[in-house]
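Coordinate analysis (summary)
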Amino acid sequence: MERRHLLTAPAALAAALALVSGCASGDDASESPGRPASSASPDGARQAVAAYVEALNSRSATRLIAVGGVEDEKWSRQEAARILAERGGRGWRIEDVRIEHDMGPDTGSARLKAMDKAGEAWQDTFTVTRDKGAWHLVVFTHQPWEPGKETAATGRPTS
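Our subject in this report is the structure included herewith.

Cut-offs and rules
- Residues numbered from 1 in each chain as written.
- Predicted model: local features only at pLDDT ≥ 70, side-chain atom pairs only at ≥ 80, totals over all residues.
- Heavy atoms only, no water.
- Buried < 20%, exposed > 50% of the residue type's maximum accessible area, 1.4 Å probe, protein only.
- Helix = DSSP H or I, 4+ residues; strand = E, 2+ residues; numbered from the N terminus.
- Arc of directions from axis to C-beta.
- Contact = heavy atoms within 4.5 Å.
- Axes fitted to C-alpha atoms, helices over the stretch in contact; angles between N-to-C directions.
- Parallel < 35°, antiparallel > 145°, perpendicular 65-115°, else oblique.
- Nonpolar A, V, L, I, M, F, W, Y, C, P; charged D, E, K, R; others polar.
- Core = buried A, V, L, I, M, F, W, Y, C linked by side-chain atoms within 4.5 Å.

**With respect to helix H3 (residues 61-68)**
Since there are 3.6 residues in each turn of an α-helix, residues three or four apart along the chain are aligned in direction. When H3 is considered as a whole, its buried residues turn out to be Ala61, Leu64, Ile65, Val67 and Gly68. In a view along the axis of H3, the buried residues occupy a sector of 165°, so they form one face of it. Packed against the buried residues of H3 are helix H2 (43-58), helix H4 (74-87) and strand S4 (134-137). Glycine 69, located one to two residues past H3, shows a positive phi value of around 70°.

The structure is reproduced here in structure tokens:
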């Protein structure tokens, strides 16, 4: 009888893991990328990805800055211009968006698959964050340091 329990335990564990992973990924994967949702909800991350693609297609630095959640300043305008020069105005169509809240309810990963009007495929992964109820994509990487703040030490502790 004990042998029977040992044989069924792995099967039960596999079934439980399949159920949990199906519930976690099925909800995000089955929803359409442009589905309206409150920016305060987890679906707001999906909306942020759609807004990013729309900003690229319209070549709008202002919209790109808004979806990036950064201040509209000289540095962000320069970086937006660089991003738009690389990907903007190509008529991107979202093929698939997968959102995983793998870092908590306010931070996660977004995987985007898109196709441009010429048929070129594009895949990218972004960090998505929720700040004061609004979801943003971390696409601006050259944000200047805030005055008065020190960077984290990278050396080994001495003691």
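**Thoughts on the packing of H2 against H4**
Closest axis-to-axis distance for the H2/H4 pair is 9 Å, and the angle between their directions is 80°. Relative to H4, the element H2 lies roughly perpendicular. The segment H2 lies against H4, with Tyr52, Ala55 and Leu56 engaging Ile83, Leu84 and Arg87. Classifying every residue of the contact of H2 with H4 gives five nonpolar, no polar and one charged.

**Topic: the nonpolar core**
One finds Tyr52, Leu64, Leu112, Trp122, Leu137 and Phe140 to be the most contacted residues of the largest nonpolar core, which totals 29 residues. Broken down by element, this core gets its largest block of residues, seven residues, from H2. With residues near it in sequence (within four places) discarded, phenylalanine 140 still touches Leu64, Ile65, Gly68, Val70, Trp75, Ser76, Glu79 and Ala80.

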